[in-house]
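Coordinate analysis (summary)
Chain by chain, the residues:
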Amino acid sequence: MTARRVPLRSRPVETIPFPVTPMLDMAFQLLAFFILTFQPPTRETRIDLDLPATAAALPSGEASETSVVPSTDVDILETDLTIHAHSQPNGDLRSLRLGGVDVPSVAVLEDRLRKYRALLENRPLRIQVIPDARLHYGEAARVLGACSAAGATSIRLPEPSNP
Amino acid sequence: MPRRHSRADDRLDPNLTPLLDVVLQLITFFMMLVHFGSRIEGAEASIRLPIAPAALPSGDLVLERLVVAVNADGDLVVGGHARSGAAAATWWNEQAGIRRKELKLAAAPGQELATQVILRGDRDAPYGTIRQTLKTAQAAGFVHFSLVVEREERP
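Here goes a summary of the coordinates provided. Model, not experiment: these values are computed from the prediction. All residue numbers refer to position in the chain's written sequence, counted from 1. Each chain gets a letter, beginning with A, and each ligand a number, beginning with 1, in the order they are written. pLDDT decides what is reported in this predicted model: residues at 70 or higher carry local features, side-chain atom pairs at 80 or more are listed and counted, and totals for whole chains, interfaces and linings draw on all residues regardless. For the side-chain quantities, the full set of heavy atoms in the structure was used; hydrogens and water were omitted.

**A few points about the overall build of chain B**
When its secondary structure is counted, chain B shows 3 helices and 6 strands. What counts as a helix is a DSSP run of H or I of at least four residues, what counts as a strand is a run of E of at least two, and both are numbered from the N terminus. In chain B, the succession of α and β elements from N to C terminus is α-β-β-β-β-α-β-α-β. Whether two residues are in contact is decided by their heavy atoms: any pair within 4.5 Å suffices. Of the contacts made within chain B by residues no fewer than 6 positions apart, 75% connect residues no fewer than 24 positions apart.

Structure representation (structure tokens):
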């Protein structure tokens, strides 16, 4: 007995419409929002300073002149440092002193501060920066930036020393 | 005789998929850049900011802020007008007075203000003039300062 073959009835091709238009509307709205709020990338940043009017908030002179001594004992490390930046007559940077030690360049200063910051672990690092009054602000800002980049907790600016 | 088509068969359906692809790519681009950096207001073309190896600031700027600039001569520049000496001190005291009045603070001049002063100093200005500007502002009652610099590019 042979099975009777039933011819398959061809179905009409169904197309499911995908509504792209609402999605496109939403996408255009998002695009408009981001274009309107877009700001081009900038290299501008800021160095925050807290400059209280009271002199008592500044570290004492004796502690601030302590030199950076490599040590493994965290408790005896000084947390208040002083950086002097001396200028040449034309306003360029002549020399840097971290505590009582000469530092050859701003890059080396930043490197030393980073290492010192790592030694201090979670203790705060407060830095006083004392540039000469006639030093170019661009040079002074590089010193301040090095302190900021090294992770100083606070940066203070006492009165400038006379050149 | 040629057979006539109905008008409904001639309808053109634009293909929106490539358009949508491009739009979504643009959205992705803008979304990725939207927090990449933010310009701090108060830029002046005449002020050349110092370039420094500064870290990115940990917090956002507070809403209450005052933007000032110091040009290469060391003068305070606000709204295109340069002030120096006593005129600058008067301006700082006026600004402090306005803020005290808004906050209904006591008229005590030594009382600290929460306003953040954003200072755009020219890189060629002597540091002493920048410090003097900060000192004058401190005397008026401002204690929170931000120095605007350009980040140094590093390899």
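**Focus on the overall build of chain A**
Helices and strands together make up the secondary structure of chain A, namely 4 helices and 6 strands. Starting at the N terminus, the α and β elements of chain A follow one another as α-β-α-β-β-β-α-β-α-β. A 1.4 Å probe rolled over the protein chains alone gives each residue an accessible area, and that area as a share of the maximum for its type sets the label: buried under 20%, exposed over 50%, partly exposed in between. When each of the 163 residues of chain A is scored for burial, the buried share is 40%. In chain A, once contacts between residues fewer than 6 apart in sequence are set aside, the share between residues at least 24 apart is 68%. Reported accessibility uses the Shrake-Rupley method at a 1.4 Å probe radius. Residues are deemed covered only where the shown protein chains occlude them. If you sum the accessible surface of chain A, you get close to 9,900 Å²; carbon and sulfur atoms cover 57% of it.

**A short note on the interface of chain B and chain A**
With 55 residues of chain B at the interface, the matching set in chain A holds 50 residues. Interface area for chain B against chain A, summed over the two sides, is near 4,800 Å², with a carbon-plus-sulfur share of 62%. Think of a salt bridge as a Lys or Arg side-chain nitrogen and an Asp or Glu carboxyl oxygen that are within 4 Å of each other. Where chain B meets chain A, there are 1 salt bridge. Ionic pairing is found between B:Arg120 and A:Glu44, a salt bridge with its closest N-O pair at 2.9 Å. Note on terms: buried area is the combined drop in 1.4 Å-probe accessible area of two parts once they are placed together, counting the loss on both.

**Focus on the pattern of salt bridges**
Residue and element names in this part refer to chain A. Going through the model one piece at a time under the given rule, you end up with 9 salt bridges over all chains. Between aspartate 80 and arginine 126 there is a salt bridge, with the nearest N and O atoms lying 2.7 Å from each other. Placement of the pair is aspartate 80 in strand E2 (residues 80-87) and arginine 126 in strand E5 (residues 126-131), with a sequence separation of 46 residues. Given a relative accessible area of 9%, aspartate 80 falls into the buried group. Of the residues examined, arginine 126 reaches a relative accessible area of 30% and is grouped as partly exposed. Salt-bridge contacts for glutamate 139 lead to arginine 142; the nearest nitrogen and oxygen are separated by 3.2 Å. Of this pair, glutamate 139 and arginine 142 both sit in helix H4 (residues 137-149), separated by 3 residues, roughly a single helical turn.

**Section: the sheet that holds E5(A)**
Residue and element names in this part refer to chain A. Pairing between strands is defined by DSSP: at least two bridges between them are needed. Taken together, 5 strands build an open sheet; the order of strands is E4-E3-E2-E5-E6 and the sheet is mixed. Of all the strands in the sheet, the pair left with one neighbour each is strand E4 (101-103) and strand E6 (154-156). Between one strand and the next, the sheet's axes are offset by a mean angle of 25°, whatever the strand orientation. Pairing of E2 with strand E3 (residues 93-98) involves 5 bridges; the strand directions are antiparallel. Looking at the pairing, histidine 84 lines up with arginine 97 of E3. Each axis is a line fitted through C-alpha atoms, taken for helices only over the stretch in contact, and angles between the N-to-C directions span 0 to 180 degrees. This element, helix H3 (residues 106-120), spans E2, E3, E4 and E5 of the sheet and lies at about 15° to E3.

**Quick look at a nonpolar patch on the surface**
Where nonpolar side chains cluster on the molecular surface, the patch consists of A:Phe18, A:Met23, A:Met26, A:Leu30 and B:Leu24 and spans about 480 Å² of accessible area. Tallying contributions element by element places helix H1 (residues 20-37) of chain A first for the nonpolar patch, with 3 residues. Following the sequence through the fold, A:Leu30 ends up in helix H1. Residues with no salt bridge and a relative accessible area higher than 30% make up the patches, which join like charges within 9 Å and nonpolar side chains (Val, Leu, Ile, Met, Phe, Trp, Tyr) within 5 Å.

**Regarding the environment of B:Ser84**
Relative to the helices and strands, B:Ser84 resides in the loop between strand E4 (81-83) and helix H2 (86-103). A residue is classified by how much of its surface remains accessible, and B:Ser84, at 43% relative accessible area, is partly exposed.

**Quick notes on the packing of aromatic side chains**
All names here are of chain B. Only Phe, Tyr and Trp rings take part, Trp by its six-membered ring, and two of them pair if their centres are within 6.5 Å. Stacked means planes under 30 degrees apart, edge-to-face means over 60, and tilted covers everything else. Overall, the coordinates contain 4 aromatic pairs over all chains when judged by the stated rule. Centre to centre, the rings of phenylalanine 29 and phenylalanine 30 are 5.2 Å apart; their planes meet at 75°, and the pair counts as edge-to-face. We classify phenylalanine 29 as partly exposed; its relative accessible area is 43%. When the ring of tryptophan 91 is compared with that of tryptophan 92, the centres are 5.1 Å apart and the planes differ by 75°; the resulting orientation is edge-to-face. For tryptophan 92, a relative accessible area of 1% gives the class buried.

**Points about H4(A)**
All names here are of chain A. The terminal C-alpha atoms of H4 lie 18 Å apart, and with 13 residues this matches the ideal 18 Å at 1.5 Å per residue to within 8%. Buried residues dominate H4, accounting for 12 of its 13 residues. Restricting attention to buried positions, one finds in H4 the residues Tyr137, Gly138, Glu139, Ala140, Ala141, Val143, Leu144, Gly145, Ala146, Cys147, Ser148 and Ala149. One or two positions beyond H4, positive phi appears at glycine 151, with a value near 95°. To estimate the expected span of a helix, count its residues, drop one, and scale the result by 1.5 Å.

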